[in-house]
Amino acid sequence: MVKVMTEEEQRLRAFLESEQEYEKRKRNAPPQMLHPEYINQDSSQSILINGQYDLAHFSVHEYKVIRQAAINSGCKYDSCTGSLKLMNTAYPIVYKPRYVLLEMIVQLYGNSAQQNDILAVALAYAYKGAAFRVPAIERFELYLKKTGKMPLETGLPNFMILSEPLFSNKISELYEKEHIYEKALFYTQNAYKFICKHFKGDWPFYTNRIAALEELIENPKKKRKDRRDEKFERQITEATTKIINLLKVENVL
């Protein structure tokens, strides 16, 4: 005998999500993002000279931020994704420690042939600034050549730095600034597809950007030479080497 539901039971059933609806929502939901642990930073404890970063000297606080980021990442104990964990931890860090952490990734993993290390170094270069866009693109394309896939399609954890649309937007920006507009358009469209799949609403940022990149393909801008602060880059390299050695003495790296 089939039980007939009362009106109250029907209202309750309509209120609750069905198993089929739950499974559909679960399938369509974006993967859970792995956020880095929060590290408190105090800009008043940065050592400056004439309002600029003093890269020859680091305060105890600045060093502790760098050290804590290395510890939080667990990069010392993970030979597979340690470089990406360190990059993910470095992403929200600001001020002098950010420069050091990005350069640390380049120094620790720059000569590695492991595909995840290549990707981490590509991202470190991407966030280091305009002077490093070309090596960032070179390593990203080497990663794609090795894997044939976007990072999260390889089964990597959903680190914040690899999450969409952040990742595709950053790659698109690199190509655009280097006047490679077709590839900039491709990655912007990739980010837009992700947004449309997982979120409702209009997204004028993407439609406007796609239109702008299509216009640049037809009428490209003249490329300008980026200025490099070679003294600043050299000081960052030297400071990072010293800090890496300190962290190794402390058995953090």
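What comes next concerns the included structure. Here the residue index of a chain counts from 1 through its sequence in written order. Under the rules for a predicted model, residues below a pLDDT of 70 receive no local features and side-chain atom pairs below 80 are neither given nor counted, while totals for whole chains, interfaces and linings still include all residues. Excluding hydrogens and water, the side-chain figures rest on all heavy atoms present in the structure.

The next thing to look at is the pattern of salt bridges. Salt bridges are defined as contacts in which a side-chain nitrogen from Lys or Arg sits within 4 Å of a carboxyl oxygen from Asp or Glu. Enumeration over the complete set of coordinates arrives at 10 salt bridges. Between R209 and E176 there is a salt bridge, and its shortest N-O distance comes to 2.8 Å. Of this pair, R209 sits in helix α10 (residues 204-218) while E176 sits in helix α8 (residues 166-177), and the two are 33 residues apart along the sequence. In this structure, a network of salt bridges that share partners links the residues R133, E178 and K223. Segments assigned H or I by DSSP are reported as helices when at least four residues long, segments assigned E as strands when at least two residues long, and all are numbered from the N terminus.

To continue, consider the nonpolar core. Nonpolar cores were defined as sets of buried Ala, Val, Leu, Ile, Met, Phe, Trp, Tyr and Cys residues, with membership established by side-chain atoms within 4.5 Å. Burial classes follow relative accessibility: with a 1.4 Å probe on protein chains only, a residue under 20% of its type's maximum area counts as buried, one over 50% as exposed, and anything between as partly exposed. Within the largest apolar cluster, 55 residues are counted, with the highest numbers of intra-cluster contacts made by L84, M104, L123, L162 and L247. No other element matches the 10 residues that helix α6 (residues 115-128) contributes to this core. The contact criterion used throughout is that any non-hydrogen atoms of two residues lie within 4.5 Å. Those residues within four positions of L247 in sequence are excluded, and the remaining contacts are Y63, I66, R67, A70, M104, V252 and L253.

What follows concerns helix α5 (residues 95-109). A helix is expected to reach a length of 1.5 Å times the quantity of its residues less one. Counted at 1.5 Å a residue, the expected span for α5 with its 15 residues is 21 Å, and the 22 Å between its end C-alpha atoms agrees. In terms of burial, α5 is largely enclosed, as 11 of its 15 residues are buried. Buried within α5 we find K96, P97, R98, V100, L101, L102, E103, M104, I105, V106 and Y109. Packing partners of the buried residues in α5 comprise β2 (52-53), α3 (60-73), α4 (82-90), α6 and α11 (230-249).

Take the packing of helix α9 (residues 181-198) against α10 next. Contact geometry for α9 and α10: axes closest at 9 Å, N-to-C directions at 165°. On the basis of the axis angle, α9 is roughly antiparallel to α10. Of the two elements, α9 crosses α10, and the hand of that crossing is left-handed. Residues Y181, E182, A184, L185, T188, Q189, A191, Y192 and I195 of α9 form the contact with α10, whose participating residues are Y206, T207, R209, I210, L213, E214, L216 and I217. Side-chain classes are defined by residue name, with Ala, Val, Leu, Ile, Met, Phe, Trp, Tyr, Cys and Pro counting as nonpolar, Asp, Glu, Lys and Arg as charged, and the others, Gly among them, as polar. Residue classes in the contact of α9 with α10 are distributed as 11 nonpolar, three polar and three charged. To get an axis, fit a line to the C-alpha atoms, keeping to the stretch in contact for a helix; angles then go from 0 to 180 degrees between the N-to-C directions. When an angle is under 35 degrees it counts as roughly parallel; over 145 it counts as roughly antiparallel; between 65 and 115 it counts as roughly perpendicular; any other value is oblique. A clockwise turn of the near helix away from the far one marks a right-handed crossing, whereas an anticlockwise turn of less than a right angle marks a left-handed crossing.

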